[in-house]
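Single-letter residue listing:
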Amino acid sequence: MTALEINDLGYSFGAKRALDGVSFALRPGKFTALLGPNGAGKSTLFSLLTRLFVSREGRISVAGHDLAREPRAALSKIGVVFQQPTLDLDMSVMRNMRYFAALHGISGREAQARSERALAQLGMVERAGEKVRDLNGGHRRRMEIARALIHEPEVLLLDEPTVGLDFKSRQAIVDHVHGLAERGLTVFWATHLVDEIRDYDDVVVLHRGRVLAHRAAAKLREGRPLAEVFIEMTGGEETR
Ligand SMILES: Nc1ncnc2c1ncn2[C@@H]1O[C@H](COP(=O)(O)OP(=O)(O)OP(=O)(O)O)[C@@H](O)[C@H]1O
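Residues numbered from 1 in each chain as written. Predicted model: local features only at pLDDT ≥ 70, side-chain atom pairs only at ≥ 80, totals over all residues. Heavy atoms only, no water.

Q: Go over unusual backbone geometry, please, and point to the residues and values.
A: Despite not being glycine, Arg51 shows a phi value in the positive range, around 65°. Mapping Arg51 onto the fold places it in the loop between helix H1 (42-49) and strand E4 (59-62). Exposure remark for Arg51: the relative accessible area of 32% places this residue in the partly exposed category. Backbone geometry at Arg208 places phi at a positive 50°, although glycine is not the residue there. Take Arg208: it is sitting in the loop between strand E9 (202-207) and strand E10 (210-216). (Helix = DSSP H or I, 4+ residues; strand = E, 2+ residues; numbered from the N terminus. Buried < 20%, exposed > 50% of the residue type's maximum accessible area, 1.4 Å probe, protein only.)

Shown next as structure tokens:
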């Protein structure tokens, strides 16, 4: 069973075709990058995967659950980190975690244990008592990723999670999330930054709402810089 499977998915904003005939399946326990220039349709796809938008065209299945027919079962298997941060700045890291655990019906010792486990996976345990407001941007992002793991999902979706961060913070997050995939989590990471992608990652190239390629990064670039191949495939333009 694949962790996430998308079949013939389409979506339009009025006359604007944002996604068209999108089909692919993620390999379990892999870091898959969704690589596309601005306007390619990455956020639209994430909105459909998280049911912020609903489409009548095509099918999405998460861990064997059809998202349209069994939304609760399917969504319970997904962890999401949106592009825009959604943290309560005046709560401590641990309180944020436990609050989010409660939203998933997890409380008491179980909430504490899961929070500690998730924070440990992102190297954030020693920050547990700090107010989110006092954290730098990179640590806030790591906290959000930890929070998205609290219900132990099978698939972690991240929509351009390193936007606005400096190089070092970006690298730390990229390293941590690759580590999660190495421990068996299926990761789907939207980006337009090729330096976040490693040769052994899978890549889905999205352009003008269509999938242009889906293969291992090493195979996609065939010895050339990935940036060069990406620009060649997409024309290097934004598509808004
Ligand atoms: N609410 C909307 N109304 C009309 N068109 C929209 C709307 N949202 C997105 N679009 C269009 O749909 C297409 C896909 O946009 P989307 O935001 O999904 O791309 P993206 O790959 O996520 O880009 P970015 O990297 O800038 O977030 C673009 O052409 C965009 O202009």
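Q: Report on the UniProt feature "domain: ABC transporter" (unreviewed entry) in the chain, specifying residues and quantitative values.
A: Following the UniProt record, one finds the feature "domain: ABC transporter" (unreviewed entry) at residues 4-233. In this annotation, residues 4-233 is assigned 34% helix and 26% strand; the end-to-end C-alpha distance for the span is 25 Å. (UniProt positions renumbered as here; feature names shortened; annotations may be inferred.)

Q: Can you lay out the pattern of salt bridges for me, pointing to particular residues and giving the numbers?
A: Applying the stated rule across the entire model yields 19 salt bridges. Here Lys77 and Glu154 are joined by a salt bridge, their closest N and O atoms 3.8 Å apart. Here Lys77, found in the loop between helix H2 (71-75) and strand E6 (78-81), pairs with Glu154, found in the loop between helix H5 (137-147) and strand E7 (155-159); they are 77 residues apart in sequence, far enough to count as distant. Under the relative-accessibility criterion, Glu154 is labelled partly exposed at 36%. Through salt bridges with shared partners, a single network forms among Arg17, Asp20, Glu57 and Arg210. (Salt bridge = Lys/Arg side-chain N within 4 Å of Asp/Glu carboxyl O.)

Q: Could you give an account of the domain arrangement of the chain, naming the residues involved and the relevant values?
A: Annotation of the chain at the domain level lists domain 1 (1-77 + 154-240) and domain 2 (90-152). Inter-centroid distance (C-alpha atoms) of domain 1 to domain 2 is 25 Å. Contact residues are listed per partner, giving 17 residues for domain 1 and 12 residues for domain 2. Approximately 1,000 Å² of surface area, both sides summed, lies buried where domain 1 meets domain 2, with 66% of it carried by carbon and sulfur atoms. It is Ile173, His176 and Leu180 that lose the most area in domain 1 upon contact with domain 2, and together they represent 38% of the buried surface on that side. Put simply, domain 1 and domain 2 have zero salt bridges between them. For the interface between domain 1 and domain 2, the tally reads three residue pairs in polar contact (both at pLDDT 80 or more). Of all the elements, helix H6 (residues 167-182) adds the most residues to the side of domain 1 that touches domain 2, at six residues. (Domains from an automatic or database assignment. Contact = heavy atoms within 4.5 Å. Buried area = accessible area lost by both parts, 1.4 Å probe. Polar contact = N/O pair within 3.5 Å; in protein donor to acceptor, adjacent residues only side chain to side chain.)

Q: Break down the packing of helix H3 (residues 93-103) against helix H4 (residues 108-121) for me, with residues and values.
A: It is the contact of H3 with H4, at a shortest axis distance of 9 Å, that shows an interaxial angle of 120°. Here H3 is positioned oblique relative to H4, judged by the angle of their axes. Classified by chirality, the crossing of H4 by H3 is right-handed. Where H3 approaches H4, its residues Val93, Met94, Met97, Arg98 and Ala101 are matched on the opposing element by Gly108, Ala111, Gln112, Ser115, Glu116, Ala118 and Leu119. Across the contact of H3 with H4, the residue classes break down as seven nonpolar, three polar and two charged. (Axes fitted to C-alpha atoms, helices over the stretch in contact; angles between N-to-C directions. Parallel < 35°, antiparallel > 145°, perpendicular 65-115°, else oblique. Left-handed = near helix turned anticlockwise from the far one by under 90°. Nonpolar A, V, L, I, M, F, W, Y, C, P; charged D, E, K, R; others polar.)

Q: Before we move on, can you summarise the sheet that holds E6 with the specific residues and values?
A: Taken in spatial order, the six strands of this open sheet run E6-E7-E8-E3-E9-E10, and their pairing is mixed. Edge positions in the sheet fall to E6 and E10, since each of these pairs with one other strand and no more. The average angle at which neighbouring strand axes cross in this sheet is 15°, direction not considered. Judged from the six bridges that link them, E9 and E10 form a sheet pairing that is antiparallel. Paired with Val205 across the strands is Ala213, a residue of E10. Strands strand E3 (31-35), E6, E7, strand E8 (186-191) and E9 of the sheet are contacted by H1, whose axis makes an angle of about 145° with E8. Contacts between helix H8 (residues 226-234) and the sheet are confined to E3, E9 and E10, with E9 contributing the most and set at about 30° to the helix. (Pairing = 2+ DSSP bridges.)

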